[in-house]
Number of protein chains: 2
Amino acid sequence: MQFTINRERFVQSVQDVSKAISPRTTIPILTGIKIDAAEDGVTLTGSDSDISIESFIPFEENGEQIVTVETEGTIVLQARFFADIIKKLPENTLELSVTDQFTAQVKSGSSVFNINGLDPDEYPRLPEIDESSVFKMPKNLLKSMIRQTAFAVSTVETRPILTGIHWALSGEKLTCTATDSHRLAMRHAEVKSNDADLSFSNVVIPGKSLSELSKIIDDSDELIDIIVAENQILFKATNLLFFSRLLDGNYPATDNMIPTSGKTNITLETKHLLDAIERALLLSREGKNNVVHVKSLEDGKIEITSVTPEVGKVTEHVATNSYDGEALQISFNGKNMIDALKIVESSEITVDFTGAMSPFVLKPAEMDHMLHLFSPVRTY
Amino acid sequence: MQFTINRERFVQSVQDVSKAISPRTTIPILTGIKIDAAEDGVTLTGSDSDISIESFIPFEENGEQIVTVETEGTIVLQARFFADIIKKLPENTLELSVTDQFTAQVKSGSSVFNINGLDPDEYPRLPEIDESSVFKMPKNLLKSMIRQTAFAVSTVETRPILTGIHWALSGEKLTCTATDSHRLAMRHAEVKSNDADLSFSNVVIPGKSLSELSKIIDDSDELIDIIVAENQILFKATNLLFFSRLLDGNYPATDNMIPTSGKTNITLETKHLLDAIERALLLSREGKNNVVHVKSLEDGKIEITSVTPEVGKVTEHVATNSYDGEALQISFNGKNMIDALKIVESSEITVDFTGAMSPFVLKPAEMDHMLHLFSPVRTY
């Protein structure tokens, strides 16, 4: 194997596939990046067996030649060093060649690296997926949906299914739901499919997989293809394949958890509420329970308080834009609400309460594509 | 105590004095910031008993009123929360008052914080220092001198004296020296004194103290006063006092360690050498010895190599601007040289070698205010 390649483009692909590689893997071959040089370009692969990423560098891109393959071939090189090495090389191009059986040489200007590699025959094959049923959405919409749900997954392994995000498709409407059983984030969007009847539910994608995917795809409105198979999901963009395994098990039914009628409905400025809760939690970092108490005041304002006995007490008053219904007194995890308020892309929100001990709903004002549910905290 | 203060200016002073406060202190009162409101302004103090910082906020600055003191008084408040609280308050001013004996209230807009404090009578007094002998230098020069020596102090406590920077003054020339016994950094500068005969040696200031000082003072050419006392040093700038204790013990004599004649003298571009050594060390991160080997080539170039058997080998060629003397073959700690090359403010450097097993000297080309000494490493 021997090829000369544009260094910057190569760095980009190496960084992309490195996202799949775990430094803690127990399978030695998966510590490496598989590099495959063929006539039409160079293919890089990284995998931790949950996620696999394949990035293709064609010999020409935007009318510019970026790879010259002298000899075809394959090698696996340690990911840990490799990205750093090629980032710091002195010239705009580099030459990569396999010198000995599993040894590679990287040359750029007056720098020469001789690096020990691994046997490419040991590298696992990527899953084979039937691509007959596919749906599409813009990359930037996919990124938003991930950002607006992934934060709410469970980070503890007691119920592994909750570390994933539930995807359901029906009538070209995709619904993504994540919950850690104390709060829930849900996001809808319209998608396009080659089969308008395509539908699925109980597809649960590890939150970590989607977070890594989100880092790799750009913020453009270019479409990305999505294919759901038995126990895998495949995301396909130009020169990029991203595979993730799906989580086994049944995701809890979340539809009936969402209250449909509220007793107190308020609308208020997202930023005012966010700032007030952030300040209210400043003293409770020690206590770690992050509980804030909210009660309604006479003048349409709400009062947010947080007490940490050893340290002190915070009191915040926040004006509402509208206040309808019963007087309010409720306690909840303020940190969870901060997470949600940070990803709401709306300057105004509505909150529907149904009593001090019932879950309550937060939505962007006058929008229906997103919903957040919070459980109150019993404080007595 | 009760005062109203410009929030931004208050944040600045709180952050400055917080630099002296250690979260790991075993003396409870030193976890706090002492706040002292008097007729002419507010004084803040922070201390970890090694370093003490006092910042004064006058009632007027640049023609703008920044403090209004209603009632004089003193309190000590937990530093950990306090900086975060005042940073996040909603308005441009805040009101601080002592409500109960050791409890304070902070108000800004619709935010109210009630914070438990500590008894100011328990707060230690700052050292009293005879200020009759003082020398001065511009703040930006002091910052440079710290940056160019502090990196070379020892970080292990086996020889505590080497965790400090040695200062010597004679004939209005200040010499700062730091060494961890493997490498040494020395920096000279002219200073001004009210007593041209003022001299001292064996003043050893903890490296950590000078690094903290460097973070607080700005990069201006305003003069800072420096007073050396028995076991303390005091830095005095406008509205700022910075005290540090001095280290006990005798600093090793370093003058006779520096070779005066070399056998091989080379000059080369700082950046070329820095880039080449950084690349040479990319594979050795695992080995942790950071050894690079340098040898001269026929054509006036030098070759830098580094081998990590399990990973691979790097070879770098670097052109010299001039090469005089014997052929060269030496091994040394590349990481130490990177530290020095990063703070040399000169595009060209000279290196003087006196043999494979002798310390060698690196200087900015054609400048005499700075010197770096490195011990070679025996590799056989």
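Reading guide: rules and limits
Residues numbered from 1 in each chain as written. Chains lettered and ligands numbered in written order. Predicted model: local features only at pLDDT ≥ 70, side-chain atom pairs only at ≥ 80, totals over all residues. Heavy atoms only, no water. UniProt positions renumbered as here; feature names shortened; annotations may be inferred. Helix = DSSP H or I, 4+ residues; strand = E, 2+ residues; numbered from the N terminus. Buried < 20%, exposed > 50% of the residue type's maximum accessible area, 1.4 Å probe, protein only. Contact = heavy atoms within 4.5 Å. Lys, Arg positive; Asp, Glu negative; His and termini not counted. Charge placed at Lys NZ, Arg CZ, Asp CG, Glu CD. Least-squares fit on C-alpha atoms with pLDDT ≥ 70 in both. Phe/Tyr/Trp six-rings, centres within 6.5 Å; stacked < 30°, edge-to-face > 60°. Axes fitted to C-alpha atoms, helices over the stretch in contact; angles between N-to-C directions. Left-handed = near helix turned anticlockwise from the far one by under 90°. Buried area = accessible area lost by both parts, 1.4 Å probe. Salt bridge = Lys/Arg side-chain N within 4 Å of Asp/Glu carboxyl O. Polar contact = N/O pair within 3.5 Å; in protein donor to acceptor, adjacent residues only side chain to side chain. Nonpolar A, V, L, I, M, F, W, Y, C, P; charged D, E, K, R; others polar. Pairing = 2+ DSSP bridges. Expected span 1.5 Å × (residues − 1). Parallel < 35°, antiparallel > 145°, perpendicular 65-115°, else oblique.

An unreviewed UniProt entry annotates chain A as Beta sliding clamp originating from Salisediminibacterium halotolerans. One UniProt comment on chain A, placed under Sequence similarities (unreviewed entry), says "Belongs to the beta sliding clamp family." If you open the UniProt record of chain A and go to Subunit (unreviewed entry), you find "Forms a ring-shaped head-to-tail homodimer around DNA."

**Quick look at the overall build of chain A**
Counting secondary structure elements, chain A contains six helices and 29 strands. Principal-axis analysis of the C-alpha atoms places the extent of chain A at approximately 80 × 55 × 40 Å. Considering chain A as a whole, with its 380 residues, one finds that 52% of them fall into the buried category. Counted over contacts in chain A with a minimum sequence separation of 6, partners at least 24 positions apart contribute 67%. Mean positive and mean negative side-chain charge positions of chain A (35 and 55 charges, respectively) differ by 8 Å.

**A short note on the relation of the copies chain B and chain A**
Note on the chain copies: they are related by a rotation about an axis and a translation along it. With an axial shift of 0.0 Å and an RMSD of 0.0 Å, the rotation relating chain B to chain A amounts to 180°. Expressed as an axis order, the relation between the two copies is that of a two-fold axis. Of the residues that chain B buries at the interface, 100% are likewise interface residues in chain A, meaning the two copies contact each other through the same surface.

**Here's the deal with the packing of aromatic side chains**
All chains considered together, the criterion is met by 16 aromatic pairs over all chains. Note on F3(B) and F10(B): the rings are 6.0 Å apart at their centroids and 80° apart in plane angle, and the pair reads as edge-to-face. On the basis of relative accessible area, F10(B) is assigned to the buried category, the value being 0%. The rings of F332(A), F353(A), F360(A) and F374(A) are connected pair by pair, giving a single aromatic cluster.

**Observations regarding helix α4 (residues 207-216) of chain B**
Each full turn of the α-helix corresponds to 3.6 residues, which orients residues three or four apart in the same direction. With seven of ten residues buried, α4(B) lies mostly within the body of the structure. Among all positions in α4(B), only G207(B), S209(B), L210(B), E212(B), L213(B), S214(B) and I216(B) are buried.

**Digging into the UniProt feature "domain: DNA polymerase III beta sliding clamp central" (unreviewed entry) in chain A**
On the UniProt side, "domain: DNA polymerase III beta sliding clamp central" (unreviewed entry) is annotated at positions that read residues 137-252 of chain A here. What you have in residues 137-252 of chain A is 19% helix and 44% strand, and the ends, taken at the C-alpha atoms, are 26 Å apart.

**Side note on the packing of helix α5 (residues 270-280) of chain A against helix α6 (residues 334-343) of chain A**
All names here are of chain A. Contact geometry of α5 with α6 gives a least axis separation of 10 Å together with a crossing angle of 150°. Here α5 runs over α6; the crossing is left-handed. Seen from α5, the contacting residues are T270, L273, L274, I277 and E278; seen from α6, they are G334, M337, I338, L341 and K342.

**Focus on the interface of chain B and chain A**
Listed as interface residues are 29 residues of chain B and, on the opposing side, 29 residues of chain A. For the pair chain B and chain A, the summed buried surface comes to about 2700 Å²; carbon and sulfur atoms form 51% of the total. Looking at the side of chain B facing chain A, the largest losses of area belong to F81(B), R279(B) and L282(B), adding up to 22% of the total buried there. If you look at where chain B meets chain A, you find two salt bridges. Between E278(B) and K88(A) there is a salt bridge, with the nearest N and O atoms lying 3.7 Å from each other. Where chain B packs against chain A, one counts 18 residue pairs in polar contact (both at pLDDT 80 or more). Here the residues of the side of chain B that touches chain A are counted per class, giving twelve nonpolar, seven polar and ten charged. Two strands pair when backbone bridges link them, and strand β24 (residues 312-319) of chain A and strand β11 (residues 111-118) of chain B are joined in this way by five bridges, in the antiparallel orientation. From the neighbouring strand, K313(A) faces β11(B), where its bridge partner is N114(B).

**Concerning the UniProt feature "domain: DNA polymerase III beta sliding clamp N-terminal" (unreviewed entry) in chain A**
Here the UniProt feature "domain: DNA polymerase III beta sliding clamp N-terminal" (unreviewed entry) sits at residues 1-127 of chain A. Note that residues 1-127 of chain A is 17% helix and 50% strand, and that its end C-alpha atoms are spaced 25 Å apart.

**Considering helix α1 (residues 7-18) of chain A**
The first and last C-alpha atoms of α1(A) sit 16 Å apart over twelve residues, in line with the 16 Å expected at 1.5 Å per residue. Regarding α1(A), the residues found buried are R7(A), R9(A), F10(A), V11(A), S13(A), V14(A), D16(A) and V17(A).

**Concerning the environment of V14(B)**
All names here are of chain B. Inspection of the secondary structure puts V14 in helix α1 (residues 7-18). For V14 and F82, which are 68 residues apart along the polypeptide, the C-alpha to C-alpha distance reads 8.2 Å. Ignoring anything within four residues of it in the chain, the contact list for V14 reads I33, L44, F82, A83 and I86.

**Digging into the pairing of strand β1 (residues 2-6) of chain B**
All names here are of chain B. The side-chain alternation of β1 yields one buried face, formed by F3 and I5, and one unburied face, formed by Q2, T4 and N6. Relative to strand β9 (residues 93-100), β1 runs antiparallel, the two being bridged by five bridges. Note on β9: the bridge partner recorded for F3 is L96. Direction of pairing for β1 relative to strand β7 (residues 67-71): antiparallel, over a ladder of four bridges. Bridge pairing in β7 places F3 opposite V69.

**A look at the packing of helix α3 (residues 139-150) of chain B against α4(B)**
All names here are of chain B. Remark: α3 packs on α4, axes separated minimally by 10 Å, with the N-to-C direction vectors making an angle of 140°. With respect to each other, α3 and α4 are oriented oblique. When the axes of α3 and α4 are compared, the crossing they make is left-handed. Residues L142, K143, I146 and A150 of α3 pack against L210, S211, L213 and S214 of α4. Partitioned by chemical class, the residues of the contact of α3 with α4 number five nonpolar, two polar and one charged.

**Some remarks on the sheet that holds strand β29 (residues 370-374) of chain A**
Residue and element names in this part refer to chain A. Pairing is antiparallel across the open sheet formed by nine strands, whose spatial order is β17-β13-β14-β15-β29-β28-β27-β21-β25. The open sheet has two edge strands, β17 (200-206) and β25 (322-325), and neither has a second partner. Here the strands of the sheet are splayed against their neighbours by 20° on average, with no regard to which way each runs. Sheet topology places strand β21 (residues 264-269) next to strand β27 (residues 348-353); six bridges connect them, and they run antiparallel. Pairing of T267 across the sheet is with T350, part of β27.

**Side note on the side chain of D48(A)**
All names here are of chain A. As for its placement among the helices and strands, D48 is situated in the loop between β3 (41-47) and β4 (51-58). Summary of buried charges: D48 has no salt-bridge partner, and the nearest side chain of opposite charge, K208, is 4.2 Å away. Aside from chain neighbours lying at most four places away, what touches D48 is A20, S22, L30 and K208.

**Observations concerning the sheet that holds strand β17 (residues 200-206) of chain B**
All names here are of chain B. Taken together, the nine strands give an open sheet; going across it, the order is β17-β13-β14-β15-β29-β28-β27-β21-β25, and neighbouring strands pair in antiparallel fashion. Whereas interior strands pair on both sides, the edge strands pair on one side only; in this sheet they are β17 and β25 (322-325). On average, each strand axis in the sheet is tilted by 20° relative to the strand beside it, whichever way the strands run. When strand β13 (residues 164-170) meets β17, the two strands line up antiparallel, connected through five bridges. What sits directly across from L169, in β17, is F200. Against the sheet, α4 contacts β13 and β17, and its axis sits at roughly 75° relative to β17.

**Brief notes about the environment of N231(B)**
Residues and elements named next belong to chain B. Within the element layout of this structure, N231 appears in the loop between β18 (223-228) and β19 (232-237). Owing to a relative accessible area of 44%, N231 belongs among the partly exposed residues under this scheme. The spatial distance from the C-alpha of N231 to the C-alpha of S201 is 13 Å, given a sequence separation of 30 residues. Not counting the four nearest positions on each side in its chain, N231 is found in contact with S244, R245 and L246.

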